[in-house]
Protein chains: 4
Amino acid sequence: MIDPSADRAQYRQIADSLRDAIMSGQLPDGARVPSEEQLRQEHGVSRTTVRKAIDVLKGEGLVEVRAPRGTFVRNNQQPVQTVPLRRGDRVRARMPSPEERREHDVREGVPFLVVTRADGTVEVHPGDRTQAQQGPTGR
Amino acid sequence: MIDPSADRAQYRQIADSLRDAIMSGQLPDGARVPSEEQLRQEHGVSRTTVRKAIDVLKGEGLVEVRAPRGTFVRNNQQPVQTVPLRRGDRVRARMPSPEERREHDVREGVPFLVVTRADGTVEVHPGDRTQAQQGPTGR
Amino acid sequence: MIDPSADRAQYRQIADSLRDAIMSGQLPDGARVPSEEQLRQEHGVSRTTVRKAIDVLKGEGLVEVRAPRGTFVRNNQQPVQTVPLRRGDRVRARMPSPEERREHDVREGVPFLVVTRADGTVEVHPGDRTQAQQGPTGR
Amino acid sequence: MIDPSADRAQYRQIADSLRDAIMSGQLPDGARVPSEEQLRQEHGVSRTTVRKAIDVLKGEGLVEVRAPRGTFVRNNQQPVQTVPLRRGDRVRARMPSPEERREHDVREGVPFLVVTRADGTVEVHPGDRTQAQQGPTGR
DNA sequence: GTGGTCTAGACCACG
DNA sequence: GTGGTCTAGACCACA
């Protein structure tokens, strides 16, 4: 239950509750998250508060909004693409800019995997479907 | 200038404007971002709209809010920590949950660098100060 | 062309386009307005949006819906009826209530011409076929 | 009460109910009309239906929407402006185009009072604050 | 003052 | 009925 007097902001409590449901599998991959109106009534808060909770989960890459269909648990698919690493390559993670998100077709809340090759060239890959790995012959 | 008509939501336009200022160095690392009230007056919008713009930049890891001091351009410091990779290790990127953020002391908008070792153990590292590198003798 | 971004709501843009066609005579009095389905495809919007555009034009008295025949440009016929004014008479314009619309057989989007005689009696006349005129011998 | 099975569309029934309240003075000039959400709950319909009812009243010039404050009964103020009529002048009523509404600063649902002078010149006046009258010396 | 949170309401586009 | 955007204003905690 949401406690309006608690230390934790109500929108965070609602986000916590939804996150638990997702993590526990109660809301499985692809499932529909209750509508803003349902959540509003359920927790007795304003729609704005509900939306902030959803924003939190978007920022964590846990849900995906498909207007005007609804909000859905993101398919946390396994990496389907493997980028081979070679000696001296470095790997980092950072958030993309909106422009980069468009270019690489990644959704909000999805970080980039950035590979800087030993020769200085830089590659960015969508973090939700890419893994980097020392190639079979990697050495 | 902000165009209240236009394809792009006003809060996104304001975020674009601030992002440009940061990227161009006009607002250097550590600089104070204008206060919500200043931005509100400058662009002729409501405070709510300004806050959404700031939220966007937080989500991109570009700024950091230090209430009640103000909002500041994040120090996009270089990685100070390097995690060695060995043959068979895999690297991914994803957003942390709030709990993980607390544990590893990372701020909003900062992704995790996740290293899955060849033996199956998993390590997570803050994306804003860690890089993974295949060791010089990588093998 | 309809611009889904833009200051102006799409349904208003479609209404503008049809209004222009009517005003320019491209769609003459009595002509059939393209069907909702045709407009929907032409502008790439939902039928709801098309219907809102038609609603705007109904409110302006420019078109008339004759289900299930179609929607037609209203005959902006010249006033066929002239109400004589005498000294002290006052004339106003206002929208009728639905009941008054029924009584006087006027369609949606047609205002009333209200004549208050010098002796206090009030007459209402359909605005689309009535004009008031001070008699040539006006007195 | 609203009767979903009645001949009359529910949104018209709701509009009727509000119109009665306005006409009877139960909702006096300038009063706040219940919010869409209140009306929705009161009548057990969807918000869309409520909005259509409000649209009807806007079209009749009975209410005025002032976002984001609410919807209010229009001040059906008495005419404050009197246009003198001279011999041979004709008066008509029609709805303005949006452009004309902007120019003359009139709200949705307010018709125009159109005066065609004997010499052929045409004047338009906002119907909610203008009356035409044979001038004192009119003859 | 600063940001943090919340409310109640509005308009829009799509189905 | 769903989400997207926006408004105007409120109270709070912090320093």
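Each value, and the rule that gives it
- Residues numbered from 1 in each chain as written.
- Chains lettered and ligands numbered in written order.
- Predicted model: local features only at pLDDT ≥ 70, side-chain atom pairs only at ≥ 80, totals over all residues.
- Heavy atoms only, no water.
- Helix = DSSP H or I, 4+ residues; strand = E, 2+ residues; numbered from the N terminus.
- Rg over C-alpha atoms; globule rule 2.2 N^0.38 Å.
- Buried < 20%, exposed > 50% of the residue type's maximum accessible area, 1.4 Å probe, protein only.
- Contact = heavy atoms within 4.5 Å.
- Areas by Shrake-Rupley, 256 points an atom, 1.4 Å probe, with all protein chains shown as cover.
- Lys, Arg positive; Asp, Glu negative; His and termini not counted.
- Charge placed at Lys NZ, Arg CZ, Asp CG, Glu CD.
- Least-squares fit on C-alpha atoms with pLDDT ≥ 70 in both.
- Domains from an automatic or database assignment.
- Buried area = accessible area lost by both parts, 1.4 Å probe.
- Salt bridge = Lys/Arg side-chain N within 4 Å of Asp/Glu carboxyl O.
- Polar contact = N/O pair within 3.5 Å; in protein donor to acceptor, adjacent residues only side chain to side chain.
- Nonpolar A, V, L, I, M, F, W, Y, C, P; charged D, E, K, R; others polar.
- Pairing = 2+ DSSP bridges.
- Axes fitted to C-alpha atoms, helices over the stretch in contact; angles between N-to-C directions.
- Phe/Tyr/Trp six-rings, centres within 6.5 Å; stacked < 30°, edge-to-face > 60°.
- Lys NZ or Arg CZ within 6 Å of the ring centre and 35° of its normal.
- Near = heavy atom within 4 Å.
- Parallel < 35°, antiparallel > 145°, perpendicular 65-115°, else oblique.
- Left-handed = near helix turned anticlockwise from the far one by under 90°.
- Expected span 1.5 Å × (residues − 1).
- Arc of directions from axis to C-beta.

J.: Sorry, what's going on with the overall build of chain A here?
T.: Each helix and strand in chain A was counted, giving four helices and eight strands. In sequence order, the secondary structure elements of chain A are arranged as α-β-α-α-β-β-β-β-α-β-β-β. For 139 residues, the compact-globule formula gives about 14 Å, and the C-alpha radius of gyration of chain A, at 19 Å, lies well above that figure. Its C-alpha atoms give chain A principal-axis dimensions of roughly 60 × 30 × 25 Å. A burial count over chain A gives 45% of its 139 residues as buried. Contacts spanning at least 24 positions in sequence make up 52% of the contacts within chain A whose residues lie at least 6 apart. If you sum the accessible surface of chain A, you get close to 7500 Å²; carbon and sulfur atoms cover 45% of it. Across chain A, the centroid of the 23 positively charged side chains sits 3 Å from that of the 20 negatively charged ones.

J.: Would you mind showing me how to read the relation of the copies chain B and chain A here?
T.: Copy one and copy two of the chain differ by a rotation about an axis and a translation along that axis. Its rotation angle being 180 degrees, the transformation that places chain B on chain A also includes 0.0 Å of axial translation and leaves an RMSD of 0.1 Å. Such a combination of rotation and displacement between the chain copies is what one expects of a two-fold axis. When you check the interface residues of chain B against chain A, 89% turn up at the interface there too, and the contact is symmetric in its surfaces.

J.: Looking at this structure, I do not really get the domain arrangement of chain A. What am I missing?
T.: For interface size, the figure often reported is the accessible area lost on association. In terms of domains, chain A is made up of domain 1 (10–73) and domain 2 (81–134). The gap between the C-alpha centroids of domain 1 of chain A and domain 2 of chain A is 28 Å.

J.: Just checking my understanding: could you explain the interface of chain D and chain C for this structure?
T.: Across the contact, 35 residues belong to chain D and 37 residues belong to chain C. Carbon and sulfur atoms supply 50% of the area buried between chain D and chain C, which totals about 2800 Å² over both sides. Considering only the side of chain D, the residues that lose the most area to chain C are Arg-92, Met-95 and Gln-134 of chain D, jointly responsible for 22% of the buried surface there. The interface formed by chain D and chain C includes zero salt bridges. Where chain D meets chain C, there are six residue pairs in polar contact (both at pLDDT 80 or more). The class makeup of the residues in the side of chain D that touches chain C is eleven nonpolar, twelve polar and twelve charged. Where strand β8 (residues 130–134) of chain C lies against strand β5 (residues 90–94) of chain D, two bridges are found, and the strand directions are antiparallel.

J.: Would you mind showing me how to read the sheet that holds strand β5 (residues 90–94) of chain C here?
T.: Remark on secondary structure: sheet strands pair via backbone hydrogen bonds, oriented parallel or antiparallel. Overall, mixed pairing links the five strands, which are arranged β7(C)-β6(C)-β5(C)-β8(D)-β4(D) in an open sheet. Every interior strand has two partners, whereas the edge strands, β7 (122–126) of chain C together with β4 (81–85) of chain D, have only one. Here the strands of the sheet are splayed against their neighbours by 25 degrees on average, with no regard to which way each runs. Sheet analysis places β4 of chain D next to strand β8 (residues 130–134) of chain D, joined by five bridges and oriented parallel. If you follow Pro-84 of chain D over to β8 of chain D, its bridge partner there is Gln-133 of chain D.

J.: It is not clear to me how the packing of aromatic side chains should be interpreted in this structure. Could you clarify?
T.: Aromatic ring pairs are defined here through the distance separating the ring centres and the angle between the ring planes. All names here are of chain B. All told, the structure shown has zero aromatic pairs over all chains when counted by the stated rule. Over the ring of Tyr-11 we find Lys-52, and its NZ or CZ is 4.5 Å from the ring centre. Positioned over the ring face of Phe-72 is Arg-66, at 4.3 Å from the centre of the ring.

J.: Mind showing me how you'd approach the relation of the copies chain D and chain C here?
T.: Of the two same-sequence chains, chain D is brought onto chain C (RMSD 0.1 Å, axial shift 0.0 Å) by a rotation of 180 degrees. In this assembly, 97% of the residues forming the interface of chain D have copies in chain C that are likewise at the interface, indicating an isologous arrangement.

J.: Looking at this structure, how should I read the protein's contact with DNA strand E?
T.: What surrounds DNA strand E is a group of 38 residues, the closest being Gln-10 and Thr-49 of chain A, Gln-10 of chain C together with Val-65 and Gly-70 of chain D. Counting only atoms of DNA strand E within 4 Å of the protein, the sugar-phosphate share comes to 73%. In this structure, Glu-36 of chain B approaches DNA strand E through a main-chain N or O atom, which is 3.0 Å from a phosphate oxygen. Considering only residue class, the surface near DNA strand E consists of twelve nonpolar, 14 polar and twelve charged.

J.: Where do I start with the packing of helix α1 (residues 10–23) of chain C against helix α3 (residues 47–59) of chain C in this structure?
T.: Each pair of packed helices gets described by two things: the angle between the helix axes and the distance between those axes. All names here are of chain C. At a minimum axis separation of 8 Å, α1 and α3 run at an interaxial angle of 50 degrees. Considered as vectors, α1 and α3 are oriented oblique to each other. Considering how the two elements wind past one another, α1 and α3 form a crossing that is right-handed. The segment α1 lies against α3, with Gln-10, Tyr-11, Ile-14, Ala-15, Leu-18 and Arg-19 engaging Thr-49, Lys-52, Ala-53, Ile-54, Val-56 and Leu-57. Residue composition of the contact of α1 with α3, by class: eight nonpolar, two polar and two charged.

J.: Whenever I open this one, the interface of chain B and chain A confuses me. Can you help?
T.: Contacts between the two partners involve 38 residues from chain B and, on the opposite side, 35 residues from chain A. The contact between chain B and chain A buries some 2800 Å² in all, and 49% of this surface belongs to carbon and sulfur atoms. For the pair chain B and chain A, the number of links is zero salt bridges. Counting across the chain B and chain A interface gives six residue pairs in polar contact (both at pLDDT 80 or more). Among the elements of the structure, β5 (90–94), β6 (112–116) and β8 (130–134) of chain B are those that each provide at least two residues to the side of chain B that touches chain A. Considered class by class, the residues forming the side of chain B that touches chain A number twelve nonpolar, 14 polar and twelve charged.

J.: Please clarify how helix α3 (residues 47–59) of chain A should be interpreted in this entry.
T.: All names here are of chain A. Look at α3: 18 Å from first C-alpha to last across 13 residues, which is about the 18 Å you get at 1.5 Å a residue. Every buried residue belonging to α3 is among Val-50, Ala-53, Ile-54, Leu-57 and Lys-58, and all of these are buried. Axial view of α3: buried residues confined to an arc of 145 degrees, hence all on one face. Where α3 is buried, its residues meet α1 (10–23), β1 (32–33), α2 (36–43), β2 (63–66) and β3 (70–73). At the C-terminal side of α3, Gly-61 shows a positive phi close to 70 degrees.

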